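# Structure at a glance
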Amino acid sequence: MSKAILAAIVSLVLGVLAEASVGVRWNMTGIGCMVSVVIMGAFIIYFNDKKK
């Protein structure tokens, strides 16, 4: 359960940072959501591969 909470916090923080830096500067609204989804997917793949 702690890994899930860590993954959620990391993806939320990096999504907000991406939206604040890239989204505002280059007028790419929604980039924070995309970054969060990609990071969460990477965590899922990483933790599933680690079990085997």
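An account of the accompanying structure is given in this report.

Procedures and definitions
- Residues numbered from 1 in each chain as written.
- Predicted model: local features only at pLDDT ≥ 70, side-chain atom pairs only at ≥ 80, totals over all residues.
- Heavy atoms only, no water.
- Phe/Tyr/Trp six-rings, centres within 6.5 Å; stacked < 30°, edge-to-face > 60°.
- Helix = DSSP H or I, 4+ residues; strand = E, 2+ residues; numbered from the N terminus.
- Expected span 1.5 Å × (residues − 1).
- Bend = angle between axes of the 7 residues up to and from the residue.
- Buried < 20%, exposed > 50% of the residue type's maximum accessible area, 1.4 Å probe, protein only.
- Contact = heavy atoms within 4.5 Å.

### Re the packing of aromatic side chains
Summed over the entire model, instances satisfying the criterion amount to two aromatic pairs. Plain terms: the ring middles of Phe43 and Phe47 are 5.8 Å apart, the flat faces sit at 20° to each other, and that makes the pair stacked. Taken together, the residues span about one helical turn, with Phe43 and Phe47 both in helix α2 (residues 31–51) at a distance of four residues. Site record: aromatic cluster; members linked through ring pairs are Phe43, Tyr46 and Phe47.

### Examining unusual backbone geometry
Phi is positive for Asn27, close to 55°, though the residue is something other than glycine. Summarising the element assignment, Asn27 is placed in the loop between α1 (2–25) and α2.

### Things to note about α1
Given a rise of 1.5 Å per residue, 24 residues ought to cover 34 Å, and the 34 Å separating the end C-alpha atoms of α1 matches this to within 8%. At Glu19, α1 shows its maximal kink, close to 30°. All of the buried residues in α1 are Ala7, Ser11, Gly15, Ala18 and Gly23. A positive backbone phi angle near 55° is found at Asn27, which sits one or two residues after α1.

### Topic: the environment of Met28
With respect to the helices and strands, the residue Met28 is situated in the loop between α1 and α2. For the pair Met28 and Ala18, spaced 10 residues apart in sequence, the C-alpha separation works out to 9.9 Å. Filtering out sequence-adjacent residues up to four positions away, Met28 remains in contact with Glu19, Val22 and Gly23.

### Side note on the side chain of Ser36
Note on placement: Ser36 falls in helix α2. Under the relative-accessibility criterion, Ser36 is labelled buried at 18%. Once residues lying within four places of it in the same chain are set aside, the contact partners of Ser36 are Ser11 and Gly15.

The values are spatial; any link to function lies outside them.
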